[in-house]
Amino acid sequence: MRLSALRPVALLLTRELLFTALLLVGVSVVVFLILHLAPGDPFSLLLEDQMATAAVHVRQAAGDHGTWYGRYVTWLAHMVQGNFGTSIRTGLPVLGEIVRVGINTLYLTLGSMLVTLLMAVPIALSSSRHGTTLRNWPFTMFAYVVSALPVFWLSYVVIYFVLHKFGLFPILLGPSGDQKWISFLLPVLVLGIANGTVSEVVRHLQNEMSRVLAEDYIRTARAKGASVWAHAFKEGFLIPVTEIIAAKIPFILGGAVVVEQVFNWPGMGRMAWQAAQDRDYPVIMGIAIAAAVFVRAAALLQRVVYIMVNPRASHEESRSWGA
Amino acid sequence: MGRMKLYRQPSRQGYELGRLALLRAAAPWDLICVGYGLGIALLVVLSYILGALRLFPYDPQEMDLALMMARPGVGGHLLGTDFMGRDILSRLILGTQAYFLPGLLGITIALGAGTLLGVLAGYHGRTTDRAVTFAVNLIDSFPRLVLILLMIAAFKPGIYYIMVVVGITNVPTVASLIRGKIQFLRDKSFIEAAVAIGLNARTIILKHILWYNCRSLLIIQATLGMAEAILIETSLSYLGFGVQEPAPSWGNMVLSGANYLLQGKFWLSTTPALAILVTILGFHLLGDGLNNILEVGGKK
């Protein structure tokens, strides 16, 4: 590939990066405005019966002064330096806590995305090859039923069957009571099955694949005896899969809040739940921003794959609007 | 009169098929899906009306300590009783109150704001399109449940305000669909003709684009929106931020029954869970079935 051919790609990537940066600034403004508009603040909860002077002291110690845009700039400057403030409940720095539990959520989210894809891809490929027939209709139906399952109930059922009915406690817990790897697998499986996106993933992949299979270049490939799969892979599989992953990451993060709650999983979702209970502003704010960064990173990755794979991307002006 | 309408060929709408022919051309499973979905939707509306009129088999709040956790069918309780001896069927019926009207509010906001943004982005120039793209991507950056938890921490809002947030988070989907449709239709000859005979932009957008060509799309999004409203409401009630005991919601019924599930009394949480499953499934199938029949089938 000549160097000049890379220029439009580099240009596009720069634009995507700029767009992502701009969106993250927008995210920080939205989060800040929500918390700024909130009636009262966490300190009024903490200091309910204290003297007013104490409140002033605590607020000043927490850096709470000036006009709202002044506070926003200070706040943003702190965040850029990695200072997300300290949790009102535990007094620990928020960023460190989020990084600590964020790894667990990342593992849970990516793992369950993989489980979802493992279920959805075969169903989608089968029905895009043969159309909806009497034989694969039950599988499509199965995808729909699974997507409508309330994830919290499925968690309980799984816990009931694995722990109580089959008495699999010895497998889950080692002799010294430490949890074994299989107990990390259960939440991933449950969230992967019942995160409510399976039917949409099937639908998207199936639509895209059958559209591509009807294209002229696939017919040409078939006519000259080349592999249809190899020709359809990029446009009919790789792009839709990355598209749907990027589009469904926020949804799965939401499901993670529920699943982490049931399984006592030490992740961001559980932390968000606790913070919402306590009105722990710095924590919930940090989590919202961390989640948005995660979502934008996935979207950016999807765009990169799209630009790399699709030679027409550099001629396109309009951005894709998600799945 | 209704029959006459069925046979009318709405040729100026750009359909090649009449309504009845559209049904005849539809795949049988799509019809099954739509039929099932319509049945469920009807059941939800009926439950809502029954709940509003306070017509229940039993009083949903009345405790019967002699009949705690009765199995389905015992003592005249069709679906059994919960851990306080309250009739589960009556509580399921009353539980539709928790999401039905708030869900409609969320749908209205999503459709209204989404259509507005979609029309602006699709019909107007590039600058508007970019601004709308930015706004839509900004909304899409937040996981919905995290945004709602942020709202709960900040405002302690009621279910209606939460559904406003849900509606806003659904705006991107509707906006992108409307935008795509308008960009597809903009160069069609019937729009050019409408411009040529001097119709103003408002008539063209409202009548010829939105009413004739985006109607079915909006109905489909409305049914999918109801499924999402149920999902959010039950999840929040399950997490303890929604409807509080003793008022029933399908979410908190699953939660309060879950402890007894581990004791083998499965129907306490399984019945509301099945209600959630069957209802969300119904709205999904209704939306996707209608989509296959009206949008995909109508174009062929």
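Residues numbered from 1 in each chain as written. Chains lettered and ligands numbered in written order. Predicted model: local features only at pLDDT ≥ 70, side-chain atom pairs only at ≥ 80, totals over all residues.

### Topic: the overall build of chain A
As a reminder of what qualifies: Secondary structure elements are taken from DSSP: a helix is a run of H or I of four residues or more, a strand is a run of E of two residues or more, and numbering for both begins at the N terminus. Comment: burial labels come from other C-beta atoms within 10 Å of the residue's own C-beta, placed from the backbone, where a count of 20 or more is buried, 12 or fewer is exposed, and between is partly exposed. Contact criterion: two residues are in contact if their C-beta atoms, reconstructed from the backbone, are within 7 Å.
Looking only at helices and strands, one finds 14 helices and zero strands in chain A. Start at the N end of chain A and walk to the C end: the helices and strands fall as α-α-α-α-α-α-α-α-α-α-α-α-α-α. The buried share of chain A, taken over its 323 residues, is 36%. Counting contacts in chain A only where the partners sit at least 6 residues apart, residues at least 24 apart contribute 73% of the total.

### Describing the overall build of chain B
A tally of helices and strands in chain B yields 13 helices and zero strands. Ordered by position from N to C terminus, the α and β elements of chain B give α-α-α-α-α-α-α-α-α-α-α-α-α. Over its C-alpha atoms, taken along the principal directions, chain B stretches across nearly 75 × 50 × 30 Å. Taken over 300 residues, chain B has a buried fraction of 47%. Put simply, 69% of the contacts in chain B that link residues at least 6 apart link residues at least 24 apart.

### A short note on the interface of chain A and chain B
To be explicit about the condition: In this classification, the charged set is Asp, Glu, Lys and Arg, the nonpolar set is Ala, Val, Leu, Ile, Met, Phe, Trp, Tyr, Cys and Pro, and all remaining amino acids, among them Gly, are polar.
Counting from both sides, the interface comprises 46 residues of chain A and, opposite them, 42 residues of chain B. Its residues assigned to classes, the side of chain A that touches chain B comprises 33 nonpolar, nine polar and four charged.

### Remarks on the confidence of the model for chain B
Residues and elements named next belong to chain B. What counts, and what does not: pLDDT measures how confident the predictor is about each residue, on a scale from 0 to 100.
Averaged over all residues, the pLDDT of chain B equals 84, while 92% of them reach at least 70. Counting interchain partners and residues more than four positions distant, the pLDDT-below-50 stretch residues 1–15 has twelve contacts. Among the prediction metrics, the complex's ipTM stands at 0.84, with pTM recorded as 0.86.

### Examining the packing of helix α12 (residues 228–263) of chain A against helix α14 (residues 281–309) of chain A
All names here are of chain A. Put simply, the rule is: For every element, the axis is a line fit to its C-alpha atoms; helices are fit only across the contacting stretch, and the angle between N-to-C directions ranges from 0 to 180 degrees. Reported orientations rely on four angle classes, namely roughly parallel under 35 degrees, roughly antiparallel over 145, roughly perpendicular from 65 to 115, and oblique for the rest.
Taken N-terminus to C-terminus, the directions of α12 and α14 make an angle of 175 degrees; their axes are 9 Å apart at the nearest point. As the angle between them shows, α12 and α14 are arranged roughly antiparallel. Where α12 approaches α14, its residues Lys234, Leu238, Ile239, Thr242, Glu243, Ile245, Ala246, Ile249, Pro250 and Leu253 are matched on the opposing element by Ala291, Phe294, Val295, Ala298, Ala299, Gln302, Val305, Tyr306 and Val309.

### With respect to the environment of Gly225 of chain B
Residue and element names in this part refer to chain B. Examined against the element boundaries, Gly225 turns out to sit in helix α11 (residues 215–239). A count of 28 C-beta atoms within 10 Å places Gly225 in the buried class. Apart from the residues lying within four places of it in its own chain, the contact partners of Gly225 are Gly106, Ile107, Ala110 and Asn170.

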